[in-house]
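Structure at a glance
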Amino acid sequence: EKAAKMSEEKLVPLYADLIAYVREVLGDKDKDSYEFCGALWVQGEADGNVSKCGPEPAEAYGANVQNLIAHLRGDMGASDLPFVMMQVGAPKVTEGMEAAAKAMKNVVLVPQSLDPAAPNFLPKHAVGHYNYEGQKRIGSLMAEAFLKLLARR
């Protein structure tokens, strides 16, 4: 239903592809020979685009991201897998991210500022995607959040 609202019904199911890829890479490796250390998530802008998708994807974002985290942890066999999200998207998407971070263990939301002077401001190209500097800041901010999360464990 969400895929239809976002004109994505003909796209490859990305979650199934992710799990298949992980299983292919790991192959027959012994489970004691590797560890899933965490997941980093920068997604939500399209879900908040009410003019394109309607309000439903943004309103369902919190439940959907919690479902994603739960399934990812289950499929990876890592029940407390750290999950770090970068704040992106409309207010309803951000509310969903905040709810997930509050409700779930080892889930952190990295806030984004709209103030160009702030260290967590993420510069973008005119067309809306993060530019080189924005991408570097995302990496640095997420790394800091991930390391803080690990230190709390």
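Look above for the structure.
What you are looking at is a predicted structure, and each value in this text was computed from that prediction instead of being measured. (Residues numbered from 1 in each chain as written. Predicted model: local features only at pLDDT ≥ 70, side-chain atom pairs only at ≥ 80, totals over all residues. Heavy atoms only, no water.)

**A word on the overall build of the protein chain**
Threshold: Strands here are runs of E lasting at least two residues and helices are runs of H or I lasting at least four, both read from the DSSP assignment and numbered beginning at the N terminus. To sort residues, take the accessible area from a 1.4 Å probe on protein chains only and compare it with the maximum for the residue type: under 20% means buried, over 50% means exposed, and anything in between is partly exposed. Note on definitions: a residue-residue contact is assigned when non-hydrogen atoms from the two residues lie within 4.5 Å.
Helix and strand counts for the protein chain come out as seven helices and three strands. Starting at the N terminus and ending at the C terminus, the protein chain contains elements arranged as α-α-β-α-α-α-β-α-β-α. Projected onto its principal axes, the C-alpha coordinates of the protein chain cover approximately 45 × 40 × 30 Å. Burial statistics for the protein chain: of 153 residues in total, 36% are counted as buried. Long-range pairs, those at least 24 residues apart, make up 62% of the contacts in the protein chain with a sequence separation of at least 6.

**Some thoughts on the pattern of salt bridges**
Counted only if it meets this: Any carboxyl oxygen of Asp or Glu that lies within 4 Å of a side-chain nitrogen of Lys or Arg is treated as forming a salt bridge with it.
Within this structure, the stated rule accounts for four salt bridges. Here Glu 45 makes a salt bridge to Lys 124, at a shortest N to O gap of 3.4 Å. Of the two residues, Glu 45 sits in the loop between β1 (39-41) and α3 (50-53) while Lys 124 sits in the loop between β3 (107-110) and α7 (132-152), which places them 79 residues apart along the sequence. According to the relative accessible area criterion, Lys 124 is partly exposed, its value standing at 40%. When the shortest N-O distance is used, the salt bridge between Glu 133 and Lys 136 registers 3.5 Å. Taken as a pair, Glu 133 and Lys 136 lie in helix α7 at a separation of three residues, close to a single helical turn.

**With respect to the sheet that holds β1**
The strands making up a sheet associate through hydrogen bonds between their backbones, and the pairing can be parallel or antiparallel. Selection criterion: Strand pairing requires that DSSP identify at least two bridges connecting the strands. Lines fitted to C-alpha atoms define the axes, with helix axes restricted to the stretch in contact, and inter-axis angles between N-to-C directions lie between 0 and 180 degrees.
Strand order in the open sheet made by the three strands is β1-β2-β3, with parallel pairing throughout. Every interior strand has two partners, whereas the edge strands, β1 and β3, have only one. Direction aside, the axes of adjacent strands within the sheet are offset by 20° on average. In the sheet, β1 pairs with strand β2 (residues 83-86) via three bridges, with the strands oriented parallel. For Trp 41, the partnering residue across the bridge sits in β2 and is Met 85. Seen against the sheet, helix α5 (residues 61-76) touches β1, β2 and β3 and runs at an angle of roughly 150° to β2. This element, helix α6 (residues 91-103), spans β2 and β3 of the sheet and lies at about 145° to β3.

**Observations regarding the packing of aromatic side chains**
The condition that has to hold: Stacked, tilted and edge-to-face are the three classes applied to pairs of Phe, Tyr and Trp rings, where Trp contributes its six-membered ring and a pair requires centres within 6.5 Å; stacked means planes under 30 degrees apart, edge-to-face means over 60, and tilted covers the rest.
Applying the stated criterion to the full structure yields two aromatic pairs. Arranged with centres 5.5 Å apart and planes meeting at 75°, the rings of Tyr 34 and Phe 36 form a pair that is edge-to-face. For Phe 36, a relative accessible area of 27% puts it in the partly exposed group. Plain terms: the ring middles of Trp 41 and Phe 83 are 6.1 Å apart, the flat faces sit at 40° to each other, and that makes the pair tilted. Of this pair, Trp 41 sits in strand β1 while Phe 83 sits in strand β2, placing them 42 residues apart in sequence.

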